[in-house]
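Observations on chain architecture
Chain residues, written in single-letter form:
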Amino acid sequence: MTANTEHPSLLDLPPLTAEHFAAVEDKVAALLRTGCDVVAMQGEALLPLEACIRSAAAPGSTALNVVSGPYGETFGGWLRACGAEVVTLSAPFTGAVDAEQVAEALRRHPRIGLVSLVHAEAATGNTNPVAEIGEAVRESGALLMLDAVASVGAEPLLTDAWGVDLCVVGGQKALAGPAGVSAVSVSARAWERIAANEQAPRRSYLSLLDWKQRWLDGGRTALPHAPAQLEMLALEQAVDRVAAEGLDNSIARHRAASAATRAAARELPGLAPYVVRDQDAAPAATTLRAPAGVDAREVVAAALEADPRVPLQAAAGALAEEMLRVNHYGRAADRTVVADTVRALAAGLRTLDVTGAGTGTSAAAAAVDSAEAAWDATAST
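Residues numbered from 1 in each chain as written. Predicted model: local features only at pLDDT ≥ 70, side-chain atom pairs only at ≥ 80, totals over all residues. Heavy atoms only, no water.

Here we look at the overall build of the protein chain
For the record, the criterion: Under the scheme used here, helices are H or I runs from DSSP no shorter than 4 residues and strands are E runs no shorter than 2 residues, and both carry numbers assigned from the N terminus. Between buried and exposed lies partly exposed: a residue is buried under 20% and exposed over 50% of the maximum accessible area for its type, with that area taken using a 1.4 Å probe on protein chains only. Here, residues are in contact when the closest pair of their heavy atoms is within 4.5 Å. The Shrake-Rupley method, run with a 1.4 Å probe, gives the accessible areas here. Residue values count only the displayed protein chains as cover.
On a plain count of helices and strands, the protein chain comes out with 12 helices and 13 strands. With the principal axes as the frame, the protein chain shows a C-alpha extent of 65 × 60 × 45 Å. Taking all 381 residues of the protein chain together, 56% fall into the buried category. Considering only intrachain contacts with a sequence separation of at least 6, the fraction spanning at least 24 residues in the protein chain is 70%. Working note: accessible area of the protein chain is about 16,100 Å², and carbon and sulfur atoms make up 52% of it.

Observations regarding the sheet that holds strand β2 (residues 62–67)
Quick reminder of the rule: A strand pair is defined by DSSP finding two or more bridges across the two strands. Simply put, an axis is a line fit to the C-alpha atoms, just over the touching stretch for a helix, and the angle between two N-to-C directions goes from 0 to 180 degrees.
Ordered in space as β1-β9-β8-β7-β4-β2-β3, the 7 strands form an open sheet in which the pairing is mixed. Each having just a single partner strand, β1 (37–41) and β3 (85–90) make up the two edges of the open sheet. Along the sheet, successive strands turn relative to each other by an average axial angle of 15 degrees, direction set aside. Its contacts with the sheet place helix α1 (residues 18–32) against β1, β8 (166–170) and β9 (182–186), and it is angled at close to 120 degrees to β1.

A look at the UniProt feature "domain: Aminotransferase class V" (unreviewed entry) in the protein chain
Condition: UniProt positions are given in the numbering used here, feature names are shortened, and annotations may be inferred rather than shown by experiment.
This chain's UniProt record puts "domain: Aminotransferase class V" (unreviewed entry) on residues 81–299. Secondary structure content for residues 81–299 is 37% helix and 17% strand, while the C-alpha to C-alpha distance between its ends is 38 Å.

Examining the layout of surface pockets
Heads up, the rule is: Cavities and pockets are defined on a 1 Å grid built over the protein atoms alone: a cavity is a set of grid points where a 1.4 Å probe fits but cannot escape, while a pocket is an open set with protein on both sides within 12 Å along at least five of seven lines, and lining residues are those with an atom within 4 Å of any such point. Grid points are joined across faces, edges and corners, and a volume is the space filled by probe spheres set on the points.
Size it by volume and the largest pocket reaches roughly 510 Å³. Considering the residues around the largest pocket, the lining is formed by 27 residues, among which T127, D278, Q279, D280 and A281 are closest to the centre. Those elements that provide at least two residues to the lining of the largest pocket are α5 (130–140) and α9 (247–265). No other element matches the 5 residues that α9 contributes to the lining of the largest pocket.

Concerning the pattern of salt bridges
Convention followed: Within this document, salt bridges are pairs made up of a side-chain nitrogen of Lys or Arg and a carboxyl oxygen of Asp or Glu, the two lying within 4 Å of each other.
Tallied over the entire structure, the rule returns 22 salt bridges. Notably, a salt bridge pairs D240 with K27, separated by 3.1 Å at the nearest N-O pair. Placement of the pair is D240 in helix α8 (residues 229–245) and K27 in helix α1, with a sequence separation of 213 residues. On the basis of relative accessible area, D240 is assigned to the partly exposed category, the value being 32%. Put simply, D280 and R277 hold a salt bridge, and the shortest N to O gap is 2.9 Å. Residue classification places D280 among the buried positions, given a relative accessible area of 8%. Exposure remark for R277: the relative accessible area of 45% places this residue in the partly exposed category. Through salt bridges with shared partners, one network takes in D307, R309, D340 and R343.

Here we look at a negative patch on the surface
The condition is simple: Each patch is built from residues lacking any salt bridge and having more than 30% relative accessible area; the joining distance is 9 Å for like charges and 5 Å for nonpolar side chains (Val, Leu, Ile, Met, Phe, Trp, Tyr). Lys and Arg are tallied as positive, Asp and Glu as negative. Neither His nor the chain termini are counted. Where a charge sits is defined by one atom per residue type, namely NZ (Lys), CZ (Arg), CG (Asp) or CD (Glu).
A contiguous patch of negative charge, built from D98, E132, E135 and E139, is present on the exposed surface. Examined against the element boundaries, E135 turns out to sit in helix α5. Owing to a relative accessible area of 42%, E135 belongs among the partly exposed residues under this scheme.

A few points about the packing of aromatic side chains
As a reminder of what qualifies: Working definition: a ring pair exists when centres of Phe, Tyr or Trp rings (six-membered ring for Trp) sit within 6.5 Å. Plane angles under 30 degrees give stacked, over 60 give edge-to-face, the rest tilted. In this scheme, Lys NZ or Arg CZ marks a charge over a ring once it lies within 6 Å of the ring centre and within 35 degrees of the ring normal.
Per the stated rule, a full pass over the model turns up 3 aromatic pairs. On the numbers, 6.1 Å between centres and 15 degrees between planes, the contact of F21 with W211 is stacked. Taken as a pair, F21 in helix α1 and W211 in helix α7 (residues 208–216) lie far apart in primary sequence, 190 residues in all. Each member of the pair, F21 as well as W211, carries the same accessibility label: buried. Aromatic side chains F21 and W215 sit 5.5 Å apart centroid to centroid with 80 degrees between the ring planes, which places their arrangement in the edge-to-face category. Taken together, the residues span a long stretch of sequence, with F21 in helix α1 and W215 in helix α7 at a distance of 194 residues. No difference in accessibility class separates F21 from W215, as the two residues are buried. Put simply, the rings of F21, W211 and W215 touch in pairs and so form one group of aromatic residues. The cationic tip of K212 hangs over the ring face of W191; the distance from NZ or CZ to the ring centre is 5.7 Å.

Regarding α7
Short version of the rule: Whenever a nitrogen or oxygen atom comes within 3.5 Å of another N or O atom, the pair is scored as a polar contact, on the condition that within protein one atom can donate a hydrogen and the other can accept it, and that pairs from neighbouring residues in sequence are kept only if both atoms are in side chains.
All of the buried residues along α7 are L208, L209, D210, W211, W215 and L216. Buried residues along α7 sit against α1, β1, α2 (46–56), β9 and α6 (188–196). The residue sitting at the N-terminus of α7 and contributing the capping side-chain oxygen is S207; that oxygen lies 3.4 Å from the backbone nitrogen of L209.

What about the sheet that holds strand β11 (residues 286–289)?
Overall, antiparallel pairing links the 4 strands, which are arranged β10-β11-β13-β12 in an open sheet. Sheet topology places β10 (272–273) and β12 (312–314) at the edges, where each strand pairs with a single neighbour. With 3 bridges connecting them, β12 and strand β13 (residues 323–326) associate as antiparallel partners. Residue Q313 lies in a different strand from β13, and its bridge partner there is R325.

Brief notes about the pairing of β9
With respect to burial, β9 is a largely interior element, 5 of its 5 residues being buried. In β9, alternate side chains face the same way, and those of S182, V184 and V186 on one face and A183 and S185 on the other are all buried. With 5 bridges connecting them, β1 and β9 associate as antiparallel partners. Residue pairing in the sheet places A40 in a bridge with A183 of β9. Note: β8 against β9, 5 bridges, orientation antiparallel. Note on β9: the bridge partner recorded for C167 is S185.

Structure follows, in structure tokens:
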């Protein structure tokens, strides 16, 4: 068998030093606008998300879990497994949670010590008003844990200014980086709460306290284990690329892609944005409601048959029949990619003979024109 030499630079690399590892963490901290500790964890973002909950949610404590999509539902299961009493605040997947709803839940349940929240749910295409929610959580004295995996690099994320105590990010969405490494920022308040939890994981892959004791408290001079070198280097390159583009420019590009996709969908027969209000729509991904009586998976398959390059997928689980998703994050938040996706959707609808879609290319042209106009309007603001 002939050796694969397509990527020879991925092998025989010099060791990743503790100094370099710490430098990558510092770059992530700058991206998160935080002066708190940042730990780069050696796995997909579900690792630090579960680590945060199992570290901060003690048995007998009370947590408020905001559910605006499937990840919020996952957090509720972890919280209950920790022995916490869970107060669930659910928002329709077609919108966002209201900050006043969070404030009211905190008033009604004064024992709440932890609030878990997803900033942007790529799976449902919505985004939550973290700044306003963070203010309410701070006033209550609770900790705020934020899943910012689908928002970092795509919309403003002001970790310290918003009072986020545990902020988890990954590199695989708007940063267009690796999925195999992630990071979490931890406030001083959060460290105190975690240290006081006798059930917080220790000597475990889920242990934040192990990272603190073996890495942070020692001045980040000796790594506690062999680092995931390729993933850390890829994360660094992803963050550097965003810095070179300019974070504001990256955010503007994702916002323009979202606005363009939503505008085009309104011109395509049978389709409609799943998230109703533009201000509730996540910049990293747009979810669309399939035409009545048509399975969303068939729309996706027909569109990909027309152009297999476009970033389309069907939703999962209970939403699979009714929702499809346009992933315009990272390098796919691009004007040409959005236009190609719109044309593929139009072609797929024509193939399925959706009412109004079989009139040649007029629907596609109108949708692309709307996308272009929305991109220009959004990019200029």
